[in-house]
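Given next are the chains, with one letter for each unit.
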Amino acid sequence: MSLAAKEDRLPYYRPTGNECTIFEMAHNNGLPLLLKGPTGCGKTRFVEHMAARLGRRLYTVACHDDLSAADLIGRYLLRGGQTEWVDGPLTRAVREGAICYLDEIVEARKDVTVVLHPLTDNRRTLMIDRTGEELHAPPGFMLVASYNPGYQNVLKRMKPSTRQRFLSCTFGFPAPEDEIAIVAQESGLEPGRVAPLVRLGGHIRNLSGMDLEEGVSTRLLIYAATLIAGGMGVERSLEVAVIEPLTDDDDVKTALRELVVTIY
Ligand code: ADP
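No experiment lies behind these values; they were computed from the predicted model shown.

Caption draft 1: Representation of the side chain of Thr 218 in the model. With respect to the helices, strands and loops of the structure, Thr 218 is situated in helix α10 (residues 218-229). Residue Thr 218 is classed as buried on the basis of its relative accessible area of 5%. The residues contacting Thr 218, other than those within four sequence positions of it, are Gly 40, Cys 41, Phe 173, Pro 174, Glu 179, Ile 182, Val 183 and Arg 205.

Written out as structure tokens, the structure is:
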């Protein structure tokens, strides 16, 4: 298959810097990678794209505050009166030489870091206490984690001892010409009609002094463009895909509506 044909079959991802090279080098050298950035800016899509490009299976885990080491490693389950060991996604990824992506890693419980430490330094081992196994990660295994520096509270900050085991890259929102291409590709709306949406996104992200926890994501701009491409009016589309998802505060909604009027 030609390179162009192969690229066509991968999950669509438009690079915005040298992140593909960094990922590839991390993978080839057995180094873990940490992706930092706001929600909806393309981190998950990037990992899906790179896993497919490198021909590696991907195990994605959305971390939450109840996620424990056992959820990642595995547990004994009762099956037909017998207890049987069932691997968790991290163990499966280590056994198969796959990529394991821990999305929003700072949300996970503290015992998770204990498991990750020997896996993210030169030992590259996963200890399964329950079965007494010690797995050595094959060369294809790679650990990728992400977190959103914007959301963190003091209790959930990543400890330096964990951070300093990963290569790290910061993801921001794509530059306007990239974001227009991405939103057009994902929504089917023509680039000329996507441009004002992306301009609006830029203004919202630059707003200071407003009670917005975070600027509008590329994901929300794609939702708005999808509604517009499907025939919904621009104003209604922006209301449900941008303004309502961003805030509950009536004053902020009014300010966002005024911004829409200045652009459209
Ligand atoms: P995150 O994991 O950072 O929360 P996602 O990867 O889910 O965000 O991105 C949200 C959506 O934005 C994706 O489903 C994809 O449609 C689109 N997207 C964002 N950045 C890119 C990019 N650089 N190339 C292709 N699609 C992108």
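Don't stop here, the text continues.
Caption draft 2: Seen up close, the layout of surface pockets. For the largest pocket, the calculated volume is near 590 Å³. Surrounding the largest pocket, 31 residues form its lining, Gly 40, Cys 41, Gly 42, Lys 43 and Arg 45 being those nearest its centre. Residue assignment for the lining of the largest pocket shows that the elements contributing at least two residues are α2 (19-28), α3 (43-53), β5 (99-103), β9 (167-170), α8 (176-187) and α10.

Caption draft 3: Here's a closer look at unusual backbone geometry. The backbone of Glu 104 sits at a positive phi, close to 55°, despite the residue not being glycine. By the element assignment, Glu 104 lies in the loop between β5 and α6 (111-119). If you check the backbone angles, Arg 124 has positive phi at about 45° while not being a glycine. By the secondary structure assignment, Arg 124 is in the loop between α6 and β6 (125-128). Under the relative-accessibility criterion, Arg 124 is labelled buried at 14%.

Criteria and cut-off values
Residues numbered from 1 in each chain as written. Predicted model: local features only at pLDDT ≥ 70, side-chain atom pairs only at ≥ 80, totals over all residues. Heavy atoms only, no water. Helix = DSSP H or I, 4+ residues; strand = E, 2+ residues; numbered from the N terminus. Buried < 20%, exposed > 50% of the residue type's maximum accessible area, 1.4 Å probe, protein only. Contact = heavy atoms within 4.5 Å. 1 Å grid on protein atoms, 1.4 Å probe; cavity = no way out; pocket = protein on both sides within 12 Å on 5 of 7 lines; lining within 4 Å. Points joined across faces, edges and corners; volume = space filled by probe spheres on them.

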